[in-house]
2 protein chains.
Amino acid sequence: MGRPKKALLDRTRIGRTALELVDETGDFTVPEVARRLGVQTASVYHHVEGRAGVIELLREQVVAGLDAGTLATGPWDVALEVWARSYRAAFAAHPRAIAMLMTSPVRAVRVIEHYERVVSLLGEAGFAPAAVMPIVTGLDNIVLGSALDMSAPEVMWIVGEESRAPRLAEAQAATGPDRADLAFDLTLAGFLAHCRELLASKGRAAEA
Amino acid sequence: MGRPKKALLDRTRIGRTALELVDETGDFTVPEVARRLGVQTASVYHHVEGRAGVIELLREQVVAGLDAGTLATGPWDVALEVWARSYRAAFAAHPRAIAMLMTSPVRAVRVIEHYERVVSLLGEAGFAPAAVMPIVTGLDNIVLGSALDMSAPEVMWIVGEESRAPRLAEAQAATGPDRADLAFDLTLAGFLAHCRELLASKGRAAEA
DNA sequence: ACCTGAACACCGTTCAAGT
DNA sequence: ACCTGAACACCGTTCAAGT
């Protein structure tokens, strides 16, 4: 066939198709993506740097709807909370993609922009330079940890014979469907409160 | 060859070999495990339920050194903190295994036991039944989120042109090698403080 | 520049056959 | 019960060949 007049493929289309597959089946395959797009497997490799490249496109698709603008409004702690929640929501919309995004480094410009703003926010709030990345990391871990939890199987702990772990089985039975949300709320609230305290005690130390 | 007098394979050996491979290369393959054990690929399938079964053996190896006994000593919050730290340390010893353990449910008896104790601890501390699993989940997310962070690439955010994200680049430069530990300490401290508050306010509500 | 067709080395898994 | 050898359908990736 050779080169067509109009390109059959582009990165956005590849990313969208891969995400569709992940949402539907929990995984994707380069040949599967090609099949859906009515194209040869090898063609995909002309637009993307291997399977890892497709994963990066997946990330771009997942965060496509995110608006970094929310980080510019209100006090730093409120801005961070709103941001963390929106980030978690974006991942929650594609739970089965999460695990694939966690082990490869972020190169997506759109995502870098978000973290740039978070870092600025913390600096302006008065946190010491050396404290900034630990806080960013903590927040990141909370969001991703929770997102991963939402993507996990219905019951993460399969109690074989109930007699082996009666209390765990009991606690599971007493648990509502909002377990994951409650856990996130709890963790985020504790984290932000702790950060506020850090800032306050640092302020007192500076005054002294 | 047929059946040998002494079995050539057992689950422990398979798990240990798979973990070696993951530690060294970041992944494992059933044929690779078989090769290391000087055995045919198909033989492995007589001892384990597919690749997923090997992953469960991986989990057992990772948590093999963990002692649930630490959960029985001291006040609930101290016990939980010690437990969370030891759990994180166990994962940290095998960072590249972490991602594989996060998406499959836990069946390993040894791990279930730990959670059984954590649940008991929280119940005895006075938390409401419906609050127990959210707290366990939160703690679990913090440990796993942090463990995953330790297993992530050196730099999680690759800033292309530094001019695109000057503050992020700057903050990264100001960051020490203990970034991951600091983030964990921060998050865990905040979480436990928040839980203590929950318990205290619940106590006050009960008194009223 | 972009797509095809064919190739390569490799996987996970199954199964009959042997002792 | 446990191991082998061979098979199956499938991957990720590369590359010469075409327009």
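Residues numbered from 1 in each chain as written. Chains lettered and ligands numbered in written order. Predicted model: local features only at pLDDT ≥ 70, side-chain atom pairs only at ≥ 80, totals over all residues. Heavy atoms only, no water.

Peer 1: What is the right way to read the overall build of chain A from this model?
Peer 2: Helices and strands together make up the secondary structure of chain A, namely 10 helices and 0 strands. Reading chain A from its N end, one meets helices and strands in the order α-α-α-α-α-α-α-α-α-α. Compactness check: chain A gives a C-alpha radius of gyration of 21 Å against a globular reference of 17 Å for 208 residues, more than 25% above the reference. For chain A, the C-alpha atoms occupy an extent of roughly 75 × 55 × 25 Å along the three principal directions. Counting all 208 residues of chain A, 47% fall into the buried class. Long-range contacts, defined here as pairs at least 24 residues apart, represent 74% of the contacts in chain A between residues at least 6 apart. In the structure as shown, chain A presents an accessible area of about 10100 Å², 53% of it carried by carbon and sulfur atoms. In chain A, 22 positive and 26 negative side-chain charges are present, and the distance between their average locations comes to 8 Å. (Helix = DSSP H or I, 4+ residues; strand = E, 2+ residues; numbered from the N terminus. Rg over C-alpha atoms; globule rule 2.2 N^0.38 Å. Buried < 20%, exposed > 50% of the residue type's maximum accessible area, 1.4 Å probe, protein only. Contact = heavy atoms within 4.5 Å. Areas by Shrake-Rupley, 256 points an atom, 1.4 Å probe, with all protein chains shown as cover. Lys, Arg positive; Asp, Glu negative; His and termini not counted. Charge placed at Lys NZ, Arg CZ, Asp CG, Glu CD.)

Peer 1: Explain the protein's contact with DNA strand C here, please?
Peer 2: Around DNA strand C, a shell composed of 24 residues is seen, among which Arg3, Leu8, Ser43 and His47 of chain A together with Pro31 of chain B lie nearest. The contact atoms of DNA strand C, taken as those within 4 Å of the protein, divide so that sugar and phosphate hold 57%. Take Gln40 of chain A: an N or O atom from its main chain is 2.8 Å from a phosphate oxygen of DNA strand C. The backbone of Val30 of chain B places a nitrogen or oxygen atom 2.9 Å from a phosphate oxygen of DNA strand C. Of all the secondary-structure elements, those providing two or more residues to the surface near DNA strand C are helix 3 (41–44) of chain A together with helix 2 (30–36), helix 3 (41–44) and helix 4 (50–62) of chain B. Top contributing element to the surface near DNA strand C by residue count: helix 2 of chain B, with 3 residues. By residue class, the composition of the surface near DNA strand C is 11 nonpolar, 9 polar and 4 charged. (Near = heavy atom within 4 Å. Polar contact = N/O pair within 3.5 Å; in protein donor to acceptor, adjacent residues only side chain to side chain. Nonpolar A, V, L, I, M, F, W, Y, C, P; charged D, E, K, R; others polar.)

Peer 1: Just checking my understanding: could you explain the domain arrangement of chain A for this structure?
Peer 2: Residues and elements named next belong to chain A. In terms of domain boundaries, chain A breaks down into domain 1 (8–64) and domain 2 (67–207). One C-alpha centre belongs to domain 1, the other to domain 2, and the line joining them spans 28 Å. Taken residue by residue, the interface counts 17 residues in domain 1 and 15 residues in domain 2. Taken together, both faces of the contact between domain 1 and domain 2 bury some 1400 Å²; the carbon and sulfur share is 65%. Along the contact surface separating domain 1 from domain 2 lie 5 residue pairs in polar contact (both at pLDDT 80 or more). When residues of the side of domain 1 that touches domain 2 are traced back to their parent elements, those giving at least two are helix 1 (11–25) and helix 4 (50–62). With 7 residues, helix 4 is the largest single contributor of residues to the side of domain 1 that touches domain 2. When grouped by side-chain class, the residues that make up the side of domain 1 that touches domain 2 number 8 nonpolar, 2 polar and 7 charged. (Domains from an automatic or database assignment. Buried area = accessible area lost by both parts, 1.4 Å probe.)

Peer 1: Would you take a moment to explain the protein's contact with DNA strand D for this structure?
Peer 2: Residues in close proximity to DNA strand D total 24 residues, the closest being Arg3 and Pro31 of chain A together with Leu8, Ser43 and His47 of chain B. Close to the protein, within 4 Å, the atoms of DNA strand D are drawn from sugar and phosphate at a rate of 59%. With respect to DNA strand D, the backbone of Val30 of chain A contributes an N or O atom lying 3.0 Å from a phosphate oxygen. At 2.5 Å, a backbone N or O of Leu8 of chain B approaches a phosphate oxygen of DNA strand D. Contributing elements (two or more residues each) for the surface near DNA strand D: helix 2 (30–36), helix 3 and helix 4 of chain A together with helix 3 of chain B.

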